[in-house]
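# Notes for the structure review
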Amino acid sequence: MKHFKFKKLPLVMSLFIFGLIHAQQEITVSGTVQDGTTPMPGVNVFLQNENTGTTTDFDGNYTLSGVSPDATLVFSYIGYKTKEIPINNKTTINVTMEIDAQSLEDVVVVGYGTQNRDDVTGAISSIDSEAIESVPVATADQALQGRAPGVNVVNSGAPGNAPVVRIRGLGTPNNNTPLYVIDGIISSGMGNLNPNDIKSIQVLKDAATTAVYGSKGSNGVILITTKSGNASEKATLTFDTYTGVNFIDARYDVLNTDQYIQYASEIGPTPERISNPEYADMIANNTNWQDALFRNGLMQNYNIGLSGGNKNSNYRFSGGYLGQEGAVVETEYERFNFRANSNFTFGNFKIGETMGLSFDKQNPERDSGGRSIFEHAIKIAPYIPIYNPNNLGGFQGPSSSIDGQDAENPVRAQTIGSVDNKSIDIVGSIFAEYELFNSLTFRTQVGLDYSNYKNSSFIPSYNDDETSTNSTNFAQIIKNTGIYQSLTYTNSLTYKSTFAEVHNLELLVLSERQEIKNENVNARSTNEISDNVDQLSTSGVDLSSASSEYLRIGYLGRINYNYDRKYLFAASIRRDASSRFGANNRWGWFPSFSAGWNIGKEAFMGNTPFSNLKLRGSWGKTGNDNIGDYLYSSTLLTNFIYPIGGSAVQGTTASGLANPDLKWEETTMRNLGLDLGLNNDQFTVSFEYFNNKSEDLLINRPLPLSQGFNNPDVTENVGSVRTKGIEFNVGYNDYNGDFTWSANLNFSSTKNEVISLGEGGENRELTGGNFEGENISRITVGEPLFYFYGLQTDGIYQNDAEVAEVLTANPGQSVVQPGDIRFIDLNGDGMINADDKTKIGDPYPDFMLGLNLTAAYKNFDFNLFINGSYGNDVYNTNIYDLQGMTRLFNAGTEVLNRWTGPGTSNTIPRALGADQNAGASDRYVEDGSYTRLRNLVIGYTIPTSVFNDAISKFRIYVSGQNLITITDYSGLDPEIGQYSLNNQNTRTQFEIGIDRGNYPQPKSVLLGLQLEF
């Protein structure tokens, strides 16, 4: 036994000595990681080729125990270059990280966080501050136009009017406006945001990116990040300004006085104004009403910003002023912007705020008598002078009795009195973050979106003519005021870590509550005593007020995981409740799943020209509750008049039918994507295919009048729409040498089709826009949303035989005569009526594109930006005014070539013809395709040595916008923006592609200066 122990002793001693030596070799390494002089928390520190690692704390400190003295430490952080440092028996290793500019460009903002672009599995388009600032625009959303595939932006020419923005086409007959999120704050829009304050815009387009917003994500999401200071930068002062003019040189070709007199004398009894020598002096006049309305408007913009920070805080303050005179008289927009963003760090605790304040004033385009000023400009007789000091108000207009028409003086309609819309808007947040322990962070945020608006109108009494055709006896005063307030409370926990160098995991759990309140008071009165008092009185009073509340509660869970940045996976689930639905269906589930394969990071791709090659796909559901409040409930209507005992008695009644089963409109989204980069991303390509289906559409169903409800509709969940399409983006960058240049082309094509309109939907139709008492767009199964609907034309009847050949059901009729429009009898019943109407146009484009070219040679820079829309139709109601000839008005010069006998015209009918000539038909539908030179900029940066480096940037530039438009459209502008009357945009979703005399896009020429100290 003793012999046995002795024989084992050398082995035991050897093991003990080896262990002792090995223990002596293991050391503890610690240190601090900084960015310049600022500690960096959250930096990954691990041993190369081992599973051991940690992250730095809020003071940038780290400690690793049991480390081999000959190992290598690896330091990595998103946006910074990875560092590998051999230990070499050192126990203290301090590291200064270096910013990786390329990596920073690849960090994108996503819903409730950020991601490296290489790890993104969804469809995201990014627009940086340089692209935004390269196009001088009044509102930030205008800068989106043509910048991202799948984003359709249709601008309005009126200063201060927001454009219509749609992401991936139309998915619902309801509100298609995307969700706007500014610095994490859900906002009602971005129109009042100063473009100069924007750092970047991310457009989220598929379920992988939008489902985290649940009930708000079905129309896409636009994330705006505003500029902030950097912790390690010195104080920087910036100033930029531009000034210039905008103008409209397009005109309708209308009759001059001589042509009008000839035309008026030929089509009917000659008006007294023309035939009576008493008015000879007026008849000698020749007013160009369009020239009288248009002007060269001054534009000016000033911005100043101050930013800086240190290791524990950063800040940025900015102020801006924009003044824009519209290209139409008395249309103006003025805005003052102020913004303050700051962050403060106290160990593991971080707080900050973002706050934007704006003061806006808009003088909008007006209407009068239900007609736009452009319609009046077309119709009014050219011999009418603009002014007449002998008339009340100082203007002249036609008189029905002696001029034979009642068009109004458009200059008086636009300039008399005053109309202005004012608002004070606040969008801001206060947030706090606390790192509970390494990799786990709690964040809480309160966001505010607030608007206080006041719209006022004061129109003094006037009389434009002898017989009071266009007049008002007393001053008219309107004052509408309101408050919009949205409060959003968000709390979240985020866990983010890397295991064994290759397992990258991020977990997020979140709760969110949004409360919206609306209040408004609307008042109008007259002043029978004075035209100099613009305040409300007790004369002719009409007073009303309203209020509403909206509440949404949501809970979110999300996981992002990737293995070695090659194999990507993400999933989320959100549950939302909306106060716009009854208790039966208030809650909805919105899941999403996505995956990707980063092929470019595989070892076998190492010696190829591919710097990036990634396949990705996603599926998910989003919701939509963009309808009115309380529609699930039966509300009461006061001030209802009952006839009782032969007298009118005021009472209360049920307004409409309740629907407690009203529920979410849901959109199922599918997306496939491919990203490709060659030669270190010198050449890049991105491709998307999407297929979305919106179901349980929130649609109004007409109720039988016999049910007795004041509201003739009830909102129900019926029907579905499919939207699918492709998006393509290709870029090339050459940044070597004195001459550098880049080009980026984006292309998108989107189609939507109505799949169902519920039970019996095959024979059901929903109406859209209307004109002259007819529905001109509608929704039916198998067709796109809001397609144009009317009769098909087939030339002009030249003789009685041609009339009789078509109208066989009533051969003795005399209403339709030679010279009238020949319509196609589609059902062959021998008559032309509503049964012969069919699809005559599609307002949505077949495809859109944007082309951006930039170049620089030494200190010179150049930018050219082109956008286009192709295959879309426009319903041009102006043709009705120019060629309708339903009664005497001024008209387009085409009427001089109207039909006056067999063979004289096969396109322009006879004057004062059959009523059907003016009916809805393809006569008014035109190709609205266009290619537009959206922006052209040439700049020069003066070398800093000229100023002894006192100024770090001094750039001057000249810019031109909308200088060239190539189109076959006959109207003033093929880009048909939102139509508004006194800025009351109540028909936006129905007004797709309908030109009612819309304010055209102006051209502009600007001179600008940019300074940085």
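Now for a description of the structure that goes with this document. (Residues numbered from 1 in each chain as written. Predicted model: local features only at pLDDT ≥ 70, side-chain atom pairs only at ≥ 80, totals over all residues. Heavy atoms only, no water.)

## Let's talk about the pattern of salt bridges
If you walk through the whole model with that rule in mind, you get 43 salt bridges. With its nearest N and O atoms 2.9 Å apart, the salt bridge here joins R412 to D464. Of this pair, R412 sits in helix α11 (residues 410-415) while D464 is found in the loop between β27 (462-463) and β28 (471-472), placing the two residues 52 residues apart along the sequence. As far as burial versus exposure is concerned, R412 and D464 are alike and both buried. Among the salt bridges present, the one from R932 reaches E975, with a minimum N-O distance of 2.8 Å. One end of the pair, R932, is in strand β55 (residues 930-941); the other, E975, is in the loop between β57 (965-967) and β58 (994-995), with 43 residues separating them in the sequence. Note on accessibility: R932 and E975 belong to one class, buried. (Salt bridge = Lys/Arg side-chain N within 4 Å of Asp/Glu carboxyl O. Helix = DSSP H or I, 4+ residues; strand = E, 2+ residues; numbered from the N terminus. Buried < 20%, exposed > 50% of the residue type's maximum accessible area, 1.4 Å probe, protein only.)

## As for the sheet that holds strand β3 (residues 44-47)
Within the open sheet, the four strands sit side by side as β4-β3-β6-β7. Their pairing is antiparallel. Each edge of the sheet is formed by a strand with only one pairing partner; in this case those strands are β4 (53-55) and β7 (83-86). Averaged over neighbouring strand pairs, the angle between their axes works out to 20° when direction is ignored. Of the strand pairs in this sheet, β3 and β4 are connected by three bridges, and their pairing is antiparallel. (Pairing = 2+ DSSP bridges. Axes fitted to C-alpha atoms, helices over the stretch in contact; angles between N-to-C directions.)

## Re a nonpolar patch on the surface
A surface patch of nonpolar side chains, about 870 Å² in accessible area, is lined by F344, F346, F349, I351, Y434, L436, F437, F442, L493 and V509. Listed by contribution, the elements that provide at least two residues to the nonpolar patch are β21 (332-346), β22 (349-363) and β25 (418-437). Broken down by element, the nonpolar patch gets its largest block of residues, three residues, from β25. Its place among the elements puts F349 in strand β22. With a relative accessible area of 33%, F349 lands in the partly exposed category. (Patch = residues over 30% accessible without salt bridge, like charges linked within 9 Å, V, L, I, M, F, W, Y side chains within 5 Å. Areas by Shrake-Rupley, 256 points an atom, 1.4 Å probe, with all protein chains shown as cover.)

## A word on the pairing of strand β34 (residues 610-624)
Pairing of strand β33 (residues 587-598) with β34, which is carried by seven bridges, proceeds in the antiparallel orientation. The partner of W597 across the bridge, within β34, is L615. Note that β34 and strand β37 (residues 665-678) share 14 bridges and pair antiparallel. Residue F610 lies in a different strand from β37, and its bridge partner there is L678.

## A few points about the packing of aromatic side chains
On inspection of all chains with the given rule, the structure shows 23 aromatic pairs. A centroid spacing of 4.8 Å and a plane angle of 50° characterise the contact between Y321 and F336, whose relative ring orientation is tilted. Placement of the pair is Y321 in strand β20 (residues 313-325) and F336 in strand β21, with a sequence separation of 15 residues. Consider the rings of Y875 and Y924, whose centres lie 5.7 Å apart with planes at 40°: the pair is tilted. Remark: Y924 occurs in the loop between α13 (878-883) and β54 (925-927) and Y875 occurs in strand β53 (residues 873-876); sequence separation between them is 49 residues. Members of the aromatic cluster, each reached through a chain of ring pairs, are F294, F374 and Y999. A cation over an aromatic ring shows up here: R147 above the ring of F865, its NZ or CZ 3.9 Å from the ring centre. The lysine or arginine in question, R443, covers the ring of F431, its NZ or CZ lying 4.2 Å from the ring centre. (Phe/Tyr/Trp six-rings, centres within 6.5 Å; stacked < 30°, edge-to-face > 60°. Lys NZ or Arg CZ within 6 Å of the ring centre and 35° of its normal.)

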